Amino acid sequence: MTSKNVAQISTRLLLALWDLGGTQQEVKKGQLTKRIVSKSQKVADYQGSFEELQNQGAIAISKKGYSLTSPKGLEVLGEGLRTGEFKFEGTIVGTWAANALVKWISQIDVAVVSADVPINGKGAIASYDNFKLVALEVYDKLNQNYNLDDLVPIYRIRREIGDRVSREYFNEWLLEMQEKDILQLQGGSLSDSDPDKLEDSITTPLSGLRCYAKRLNS
């Protein structure tokens, strides 16, 4: 098998793993192979790609399944899709592949491309997992440096992360961290009630304005 074919198989494998939610949870081996292995192929045809991707740090393999690491796996997938040599073999493309590509273009591709361009020396944040790590790092730094007594203003977290993530994804992923009991978003008022600071906080449909984040012990 040529190196070009191996690269195409690896990209197809990563796309399927991402589409199956591999960045959020482990995907069972049977679930992934059912999607990527065609009638004319064998699981063994993909063994080299699995090993190479694992060595690159793009995927993690356990006895039960596979997961897509972030941000490395997303970066490798993005590079594979953007290469001029990538294509699907045969005359019929599976519906899952077409839908996955549409989803990638609408949700991820812009973020991954921008990750190649450092912002203030740091890459853009392309996934929830990466955002979680950065947000907790920023939270801990602010909490320690300013003696905030575990109540860190959300606007400070947003401004510290800056343009590395869009406002929409910041809101969405911070709320997801609350749903997963990583952070608790609390109300209260800011000392100066600065409109810009309030705008950089978060407003939820059910709870209203949330100005502070508290890290939960879990």
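Fair warning: this is a prediction, and the values are worked out from it, not measured in the lab.

Visitor: Summarise the sheet that holds strand 8 (residues 212-215); cite the residues concerned and give the values.
Guide: Taken together, 3 strands build an open sheet; the order of strands is 4-8-5 and the sheet is antiparallel. The open sheet has two free edges, formed respectively by strand 4 (152-153) and strand 5 (183-186), since each of these has just one partner strand. Relative to strand 8, strand 5 is paired through 4 bridges, and the arrangement is antiparallel. Bridging across to strand 8, Leu183 finds its partner in Arg215. In the packing of helix 7 (residues 128-145) onto the sheet, contacts are made with strand 4, strand 5 and strand 8, and the angle to strand 8 comes to roughly 100 degrees.

Visitor: Account for the confidence of the model for the protein chain, with residues named and values stated.
Guide: Looking at the protein chain, pLDDT values average 82 and 84% of them are 70 or higher. Across the protein chain, strand 4 holds the top mean pLDDT of 96, while helix 6 (residues 109-114) sits lowest at 44. Taken together, the stretch residues 109-121 has pLDDT below 50 and engages in 20 contacts with residues farther than four places along the chain or on a different chain.

Visitor: Report on helix 2 (residues 29-36), specifying residues and quantitative values.
Guide: Taken residue by residue, helix 2 has Leu32, Thr33 and Ile36 as its buried positions. Viewed along the axis of helix 2, the buried residues span an arc of 95 degrees, placing them on a single side of the element.

Visitor: Give me the environment of Glu137: which residues, what numbers.
Guide: With respect to the helices and strands, the residue Glu137 is situated in helix 7. Judged by relative accessible area, Glu137 falls into the exposed class, the value being 57%. As a C-alpha pair, Glu137 and Ile157 span 20 residues in sequence and 9.8 Å in three-dimensional space.

Visitor: So, the sheet that holds strand 1 (residues 27-28): which residues are in play, and what are the values?
Guide: What holds strands together in a sheet is hydrogen bonding between their backbones, with the strands either parallel or antiparallel. Reading across from one edge, 1-3-2 is the order of the 3 strands in this open sheet, with antiparallel pairing throughout. Across the chains shown, the open sheet's two edge strands, defined by having one partner strand only, are strand 1 and strand 2 (59-61). With 2 bridges connecting them, strand 1 and strand 3 (residues 65-68) associate as antiparallel partners. Its bridge partner lying in strand 3, Lys28 is registered against Gly65.

Visitor: Just give me the short version of the nonpolar core, but keep the residues and values in it.
Guide: It is characteristic of soluble globular proteins that their nonpolar side chains tend to be buried jointly. Among the nonpolar cores identified, the biggest contains 26 residues, and Leu14, Leu32, Phe50 and Ile59 are the most heavily contacted of them. At the level of elements, helix 1 (3-19), helix 2, helix 3 (47-56), strand 3, helix 4 (72-82) and helix 5 (95-107) are the ones that each hand at least two residues to this core. For this core, the element with the highest residue contribution is helix 1, accounting for 7 residues. Among all residues touching Phe50, those that are not within four sequence positions of it are Leu13, Leu32, Ile36, Ile59, Ile61 and Tyr66. The next biggest cluster of nonpolar side chains, apart from the first, holds 24 residues, and it includes Val152, Ile157, Met177 and Ile182.

Rules and cut-offs
- Residues numbered from 1 in each chain as written.
- Predicted model: local features only at pLDDT ≥ 70, side-chain atom pairs only at ≥ 80, totals over all residues.
- Heavy atoms only, no water.
- Pairing = 2+ DSSP bridges.
- Helix = DSSP H or I, 4+ residues; strand = E, 2+ residues; numbered from the N terminus.
- Contact = heavy atoms within 4.5 Å.
- Axes fitted to C-alpha atoms, helices over the stretch in contact; angles between N-to-C directions.
- pLDDT = per-residue confidence, 0-100.
- Buried < 20%, exposed > 50% of the residue type's maximum accessible area, 1.4 Å probe, protein only.
- Arc of directions from axis to C-beta.
- Core = buried A, V, L, I, M, F, W, Y, C linked by side-chain atoms within 4.5 Å.

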